[in-house]
Amino acid sequence: MDKLIIIVNGIPLLLEGLIVTLELGAAFIALGLALGLAIAFAQVYGNRFITIFCAGFVQVFLGIPAMVLLFLFYFGLGEFGFNISAFAASVIAMGLRSAAYQSQVFRGAIQSIRSGQITAVKALGMNLFQRIRYVVLPQALRYSFAPWSNEYAAQIKDTSLCYAIGVTEIMREGRYIVVQTFGNAMLIYIIIAFIYLGITYFGIWLLRYWEIKLRVPGFGIN
Amino acid sequence: MNLVFSLDWLPILGRGMLVTLELTTIAISIGFVIGILLAIGEVYGNRPIRVLSIAYTTLFRGTPLLVQIFIFYFGFPSIGIMISSFLAGVLALSLNSAAYQAEYFRGSIQAVKKDEVIAARALGMSKLQGILYVVIPQTLRMVIPSWSNQLISLLKFSSLVYMIRVEELMYRGKIIASLTFRSFEVFIIVAMMYLGVVIFFSNILRMVEKKVRIPGLGYKSAQ
Amino acid sequence: MTIKDIILKVEDIHKTYNGLKVLRGISFELKRRETKVIIGPSGTGKSTLLRCINQLTLPDRGRVWLDRIEVTDAKTNINKVRSSIGFVFQNFNLITHLTALDNVRLGLMKVKGMKKQKATEVAMEELGRVGLADKAENYPAELSGGQQQRVSIARALAMNPKLILFDEPTSALDPELIGEVLEVMIELAKSGMTMLIVTHEIGFARAVADEIIFMEHGVIVEQGPPNQLFTAPKHKRTKEFLHKITQLYGEEEAKN
Ligand SMILES: Nc1ncnc2c1ncn2[C@@H]1O[C@H](COP(=O)(O)OP(=O)(O)OP(=O)(O)O)[C@@H](O)[C@H]1O
Ligand SMILES: [Mg+2]
């Protein structure tokens, strides 16, 4: 009975936390998507200088743990008088990190498009922008679905790290409930685990559904 | 920018890096054993074993590592099972890594051509011998790239256990930062240490992969 | 034929795949040192029959004996039986991560428990027999299709089998590579190896077979010595099939 009351009382708090978690996730993914695509195209089509710069960016953001990035952007920047909120610091740090990961996904997809097709539309007289818009992008995005859904899942789960710099996402709300109700850590964290499980797999399922809808015959997806 | 930096930090952080490497080594090893068993169970097992393996990987891959760490560190004591912070950290990292490694092993096992196993059976090998002498050697070679990614990911995510007071690199960085009020400098150094180790391991693993590479074995590139 | 004893006896084999009757009562015998060739249209159950013989596929009904051991008996150690029946596959099925030498040594060491040094000797001898001693250290991906198939024949030979089953050993090969594999098989036939061969190479069949079996829709339609079957087939279906196949493979036949 007690347990049930704790759960019922906890629901509003957990829901508030969940909303923040979803906001974080959406922000990471959106920033990462826009910047990641840009980096991918820059790496494939850019000049030497741009390519090296992008490779450096990717290496740094893939090589440093997310937790360290969060601390650098929140406490580190604070040292220079940039007093941004924990939420904003999270979005910048994790969004840039996600961009590095997503750029890898898109770069692989762009490079997997057969060069004969590009030559063919060049012969039709398409310029670079048209070639990207009408030939490369539609195929690259289709190729990206499976690896990109891994990226989605990773970003959703990694929102939990923002707990460490004080964002009141679902883990933080869970911690409040645990502290207020003296114990029940197991119960609360298992509930939270299942909430994450739900949003992670719901998203993956949705992406899979979308991928199948956009499927084109002869395309290397299975 | 006044980059104030003290040499005194280095031995402290260095020892933290050792703990990080220790955690990573233990977790990747335990995860390797459990992961390969899960993968074999998922591919060759009967229905209950398959369902169990899939449930395991689904649960551990579908929830954040931090939640898993908290379940071990806060959850188990709340139901009367005491676990030290180091053990909680090792357990969470190992079991988490096992789920990812299982996925990669499963993918590689399934990439081994069935016909080759049939050929081995035609020579008179048992199913177990077929797995041992045909499937596993090819699986281990093909899995190296994704396994390397998992090792590096584990190394970076081991930083999460600072939250349960395991005194690895991140924990020590945070302590120094709070004592010196030099967050930026400290975490830049911490970041460079992680980055250095990550690049070092990536290169070693790439060399290993090249060394054991066999013509015709599993580099279906995206092309 | 000097020695007349029967080495393989297949009796009334039936096999159904999800309602599709693939084999409908196949019976025949193979004598020591004999070469039999099975021909027949695609999808007739020839591969299924070969795989039923060494139990890679379990027949629904019927029995198989190898040298008086009942292969289909549940108490028989099937792995031991398989180690004495060679099998050569259409797609070679060499083990990707092993060199030619290791492919040939694999069964010797892991199934027969032979010491490495002895296994190497045997394997090198068999590789020499198929003309590939110099390719011992190459991986399958570094060999042509014809070479891969010869390695796979060496792998079967190394086990010192009582008979070898060939399932369309040249069907996956480019035309110019077929000859080198057939040559090896002709040599084997001459040396007195017992062989059961599924093939579409009519000219080759004519040259090596002691008997031809024509199969269709899961039954043996007709069997007999090559001369009789090719020149005066008793059944209309046999004649039609032979007509079609000589049109398809006519050039190859002329070469042989
Ligand atoms: N594992 C299986 N499951 C279901 N059906 C099968 C299986 N193996 C074979 N079949 C079916 O059994 C029939 C006979 O197949 P089989 O491979 O024995 O023919 P085949 O005579 O060797 O033909 P081919 O000359 O093309 O090799 C085919 O219709 C095939 O689709
Ligand atoms: Mg066949």
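Note that the structure is a prediction, hence the values are computed from the model and not measured.

**Student:** Any chance you could explain the packing of helix α8 (residues 185–213) of chain A against helix α2 (residues 47–62) of chain B here in plain terms?
**Tutor:** To characterise two packed helices, one gives the angle between the axes of the helices and the distance between these axes. Axis separation between α8(A) and α2(B) bottoms out at 8 Å; the angle between their running directions is 95°. With respect to their mutual orientation, α8(A) and α2(B) come out roughly perpendicular. In contact with Phe194(A), Tyr196(A), Leu197(A), Thr200(A) and Tyr201(A) of α8(A), α2(B) contributes Thr57(B), Thr58(B), Leu59(B), Arg61(B) and Gly62(B). A class-by-class count of the residues in the contact of α8(A) with α2(B) yields five nonpolar, four polar and one charged.

**Student:** I would appreciate a short explanation of the interface of chain A and chain B in the present structure.
**Tutor:** Interfaces are often sized by the amount of accessible area the parts lose when they come together. Chain A puts 39 residues into the contact, and the matching count from chain B is 41 residues. For the chain A and chain B pair, buried surface summed over both sides reaches about 3400 Å², with 76% attributable to carbon and sulfur atoms. Among the salt bridges present, the one from Glu79(A) reaches Arg182(B), with a minimum N-O distance of 3.8 Å. Elements that contribute at least two residues to the side of chain A that touches chain B include exactly α2 (48–63), α3 (66–78), α4 (86–111), α6 (128–158), α7 (170–180) and α8 of chain A. Counting residues per element, the side of chain A that touches chain B draws most heavily on α8(A), which supplies eleven residues. For the side of chain A that touches chain B, the class distribution of residues is 25 nonpolar, nine polar and five charged.

**Student:** Would you mind showing me how to read the site of ligand 1 here?
**Tutor:** Residues and elements named next belong to chain C. Tyr17, Leu20, Val22, Ser42, Gly43, Thr44, Gly45, Lys46, Ser47, Thr48 and Glu168 make up every residue found near ligand 1. The backbone of lysine 46 places a nitrogen or oxygen atom 2.8 Å from an oxygen atom of ligand 1. Those elements that place two or more of their residues in the shell around ligand 1 are β2 (20–31) and α1 (46–53). Among the elements that take part in the shell around ligand 1, α1 stands out by supplying three residues, more than any other. Partitioning the shell around ligand 1 into residue classes produces three nonpolar, six polar and two charged.

**Student:** Hey, could you run me through the packing of aromatic side chains in this one?
**Tutor:** Working definition: an aromatic ring pair is given by the centre-to-centre distance plus the angle between the planes. Considering all chains together, one arrives at 21 aromatic pairs over all chains under this definition. An angle of 85° between the planes, with centres 4.8 Å apart, marks the rings of Phe80(A) and Phe184(B) as edge-to-face. With Phe80(A) in the loop between α3 and α4 and Phe184(B) in helix α9 (residues 183–212), this residue pair bridges two chains. The exposure class of Phe184(B) is buried, given its relative accessible area of 16%. Here the aromatic residues Phe71(A), Tyr74(A), Phe75(A), Tyr162(B) and Phe187(B) are joined through ring pairs into a cluster of three or more. Over the ring of Tyr163(A) we find Arg172(A), and its NZ or CZ is 4.2 Å from the ring centre. The ring of Phe74(B) has Arg175(A) sitting right over it, with the charged end atom 3.9 Å from the ring centre.

Conventions and cut-offs
- Residues numbered from 1 in each chain as written.
- Chains lettered and ligands numbered in written order.
- Predicted model: local features only at pLDDT ≥ 70, side-chain atom pairs only at ≥ 80, totals over all residues.
- Heavy atoms only, no water.
- Axes fitted to C-alpha atoms, helices over the stretch in contact; angles between N-to-C directions.
- Helix = DSSP H or I, 4+ residues; strand = E, 2+ residues; numbered from the N terminus.
- Parallel < 35°, antiparallel > 145°, perpendicular 65-115°, else oblique.
- Contact = heavy atoms within 4.5 Å.
- Nonpolar A, V, L, I, M, F, W, Y, C, P; charged D, E, K, R; others polar.
- Buried area = accessible area lost by both parts, 1.4 Å probe.
- Salt bridge = Lys/Arg side-chain N within 4 Å of Asp/Glu carboxyl O.
- Near = heavy atom within 4 Å.
- Polar contact = N/O pair within 3.5 Å; in protein donor to acceptor, adjacent residues only side chain to side chain.
- Phe/Tyr/Trp six-rings, centres within 6.5 Å; stacked < 30°, edge-to-face > 60°.
- Buried < 20%, exposed > 50% of the residue type's maximum accessible area, 1.4 Å probe, protein only.
- Lys NZ or Arg CZ within 6 Å of the ring centre and 35° of its normal.

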